[in-house]
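Survey of secondary and tertiary structure
Now for the letters of each chain:
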Amino acid sequence: MLLQPPPALPRTAPRGIFITGTDTGIGKTLTSAILTKAWQGTYWKPFQTGLAEEAGDTPTIQHLTGLPAEHILPPTYALQAPLSPAAASVLEGVTLEPEQLTLPEAPHSPLIVEGAGGLMVPLTDDMLMIDLIAQLGLPVILVTRSGLGTLNHTLLSLEALYQRRIPVLGFITNGPKMPENSRTLERLGQCRALHHIPAPPSAPETKDISRIAAQIPPWKSLW
Ligand SMILES: Nc1ncnc2c1ncn2[C@@H]1O[C@H](COP(=O)(O)OP(=O)(O)O)[C@@H](O)[C@H]1O
Ligand SMILES: [Mg+2]
């Protein structure tokens with residue numbers, strides 16, 4: 001048996017999309033910047049950790065998209081340690097209540113929600129990131145590396161999503177162009193390859209985001 005059957009996608013455009021990935025550092029923020037710019041939507045990262053070491057993804061999105069501040073919502077939980085939300089919150093003595101989270105009003109539709117790490121990152125002792133995705137009720141875009149290792153990580157992530165009946169709009173590959181991997185993932189993962197983000201020689205800048213955003217189909221055309 002291959003993967004279980006994928007859940008059906010909504011027939012009309014939902015309120016937004018949840019951007020998850022096969023790992024941390026895989027390109028979720030870069031992808032979120034491209035999609036927020038392309039769709040002129042609203043970005044929200046509910047759980048931000050690691051602020052002791054970096055400014056976090058929300059200012060990065062502001063910088064990379066160049067969009068006015070009203071396109072960006074602040075994180076609900078902002079934690080210092082570069083650890084999972086569950087571990088960072090214990091260090092800070094903060095109580096997280098992810099089971100209380102609902103979708104915020106987005107001044108500009110769609111809402112682009114970025115996770116933290118991958119699907120199985122613990123938010124609390126009894127809730128994982130994938131549980132939050134199911135609770136928020138948004139379909140998912142899965143960001144994956146394009147090259148070696150992607151088949152295993154991407155298929156594992158898809159299997160977990162399908163098992164929880166979370167619909168997946170598609171996957172976005174990041175890195176050197178490896179079309180054979182994308183074709184294999186489409187076939188075995190029963191999932192659409194939405195886009196490929198190439199690896200430029202240097203860190204992506206605002207102009208790169210605008211250029212790639214121009215290649216993304218309109219939000220409403222995807223449903
Ligand atoms: N295609 C790419 N080309 C060059 N640098 C990239 C590319 N994708 C990601 N990066 C860099 O890798 C780092 C991690 O990417 P990011 O989008 O922040 O990942 P995540 O949000 O999944 O942790 C960032 O510094 C980003 O600029
Ligand atoms: Mg990120």
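Residues numbered from 1 in each chain as written. Chains lettered and ligands numbered in written order. Predicted model: local features only at pLDDT ≥ 70, side-chain atom pairs only at ≥ 80, totals over all residues. Heavy atoms only, no water.

Per an unreviewed UniProt entry, the protein chain goes by the name ATP-dependent dethiobiotin synthetase BioD and belongs to Bombella dulcis. According to the UniProt record, the Catalytic activity (unreviewed entry) comment for the protein chain is "(7R,8S)-7,8-diammoniononanoate + CO2 + ATP = (4R,5S)-dethiobiotin + ADP + phosphate + 3 H(+)". (UniProt positions renumbered as here; feature names shortened; annotations may be inferred.)

**Side note on the sheet that holds strand β5 (residues 111–114)**
Strand pairs in the sheet, formed through backbone hydrogen bonds, run parallel or antiparallel to each other. One open sheet accounts for six strands, arranged β2-β5-β1-β8-β9-β10; its pairing is parallel. The strands lining the two open edges of the sheet, one partner per strand, are β2 (42–44) and β10 (193–197). Strand-to-strand twist in this sheet, taken as the mean axis angle between neighbours without regard to direction, amounts to 25°. Of the pairings in the sheet, the one linking strand β8 (residues 140–145) to strand β9 (residues 168–174) comprises six bridges and is parallel in character. Following the sheet pairing, Leu142 is matched in β9 by Phe171. (Pairing = 2+ DSSP bridges. Helix = DSSP H or I, 4+ residues; strand = E, 2+ residues; numbered from the N terminus. Axes fitted to C-alpha atoms, helices over the stretch in contact; angles between N-to-C directions.)

**A few points about the packing of aromatic side chains**
The final tally for this structure, using the stated rule, is three aromatic pairs. With centroids separated by 5.1 Å and ring planes inclined at 25°, the aromatic side chains of Phe47 and Tyr77 adopt a geometry described as stacked. Pair noted here: Phe47 is in strand β3 (residues 47–48) and Tyr77 is in strand β4 (residues 77–78), with a separation of 30 residues, a long-range link. The two residues Phe47 and Tyr77 agree in class, both being buried. Measuring from ring centre to ring centre gives 5.2 Å for Trp219 and Trp223, while their planes differ by 65°; the resulting arrangement is edge-to-face. Here Trp219 falls in the buried class, since its relative accessible area comes to 8%. Through a chain of ring-to-ring contacts, the aromatic side chains of Trp39, Trp219 and Trp223 assemble into a single cluster. (Phe/Tyr/Trp six-rings, centres within 6.5 Å; stacked < 30°, edge-to-face > 60°. Buried < 20%, exposed > 50% of the residue type's maximum accessible area, 1.4 Å probe, protein only.)

**Here we look at the coordination of the magnesium ion (ligand 2)**
On the protein side, the magnesium ion (ligand 2) has Thr29 (OG1), Asp57 (OD) and Glu114 (OE) as donor atoms, found 2.1 to 2.3 Å from it. Summarised as a motif, the one-chain spacing of the donors to the magnesium ion (ligand 2) is T-x27-D-x56-E. On the criterion of sequence distance, the pair formed by Asp57 in helix α2 (residues 57–65) and Glu114 in strand β5 is long-range, its members being 57 residues apart. Take Asp57 and Glu114: they sit in the same class, and that class is buried. (Donors = N, O, S within 2.8 Å, 3.2 Å for Na, K, Ca; no water.)

**So, the nonpolar core**
Ranked by size, the top nonpolar core spans 37 residues in total, and within it Phe18, Trp44, Leu132, Leu158 and Leu161 carry the most contacts. If we skip the residues at most four places from it in the chain, Leu161 touches Leu119, Ile130, Val140, Ile166 and Val168. (Core = buried A, V, L, I, M, F, W, Y, C linked by side-chain atoms within 4.5 Å. Contact = heavy atoms within 4.5 Å.)

**Re the UniProt feature "binding site: substrate" (unreviewed entry) in the protein chain**
Here the UniProt-annotated "binding site: substrate" (unreviewed entry) positions come out as Thr49. Positionally, Thr49 belongs in the loop between β3 and α2. In this view, Thr49 contacts Glu54, Leu79, Ala81, Leu83, Ser84, Pro85 and Ala88; residues no more than four positions away in its chain are not counted. A polar atom in the side chain of Thr49 sits 3.1 Å from the backbone oxygen of Leu83. (Polar contact = N/O pair within 3.5 Å; in protein donor to acceptor, adjacent residues only side chain to side chain.)

**What to know about a negative patch on the surface**
Side chains of Glu97, Glu99, Asp125 and Asp126 sit close together on the surface and give a patch of like negative charge. Positionally, Asp125 belongs in the loop between β6 (122–124) and β7 (127–128). For Asp125, a relative accessible area of 84% corresponds to the exposed category. (Patch = residues over 30% accessible without salt bridge, like charges linked within 9 Å, V, L, I, M, F, W, Y side chains within 5 Å. Areas by Shrake-Rupley, 256 points an atom, 1.4 Å probe, with all protein chains shown as cover. Salt bridge = Lys/Arg side-chain N within 4 Å of Asp/Glu carboxyl O. Lys, Arg positive; Asp, Glu negative; His and termini not counted. Charge placed at Lys NZ, Arg CZ, Asp CG, Glu CD.)

**Topic: the layout of surface pockets**
Of the voids in this model, the largest pocket is the one considered here, and its volume is about 390 Å³. In terms of lining, the largest pocket is formed by 24 residues, of which the most central are Thr24, Gly25, Lys28, Lys45 and Asp57. Ranked by the residues each element gives to the lining of the largest pocket, the list is headed by helix α1 (residues 28–39), at three residues. Considering only residue class, the lining of the largest pocket consists of eight nonpolar, 10 polar and six charged. (1 Å grid on protein atoms, 1.4 Å probe; cavity = no way out; pocket = protein on both sides within 12 Å on 5 of 7 lines; lining within 4 Å. Points joined across faces, edges and corners; volume = space filled by probe spheres on them. Nonpolar A, V, L, I, M, F, W, Y, C, P; charged D, E, K, R; others polar.)

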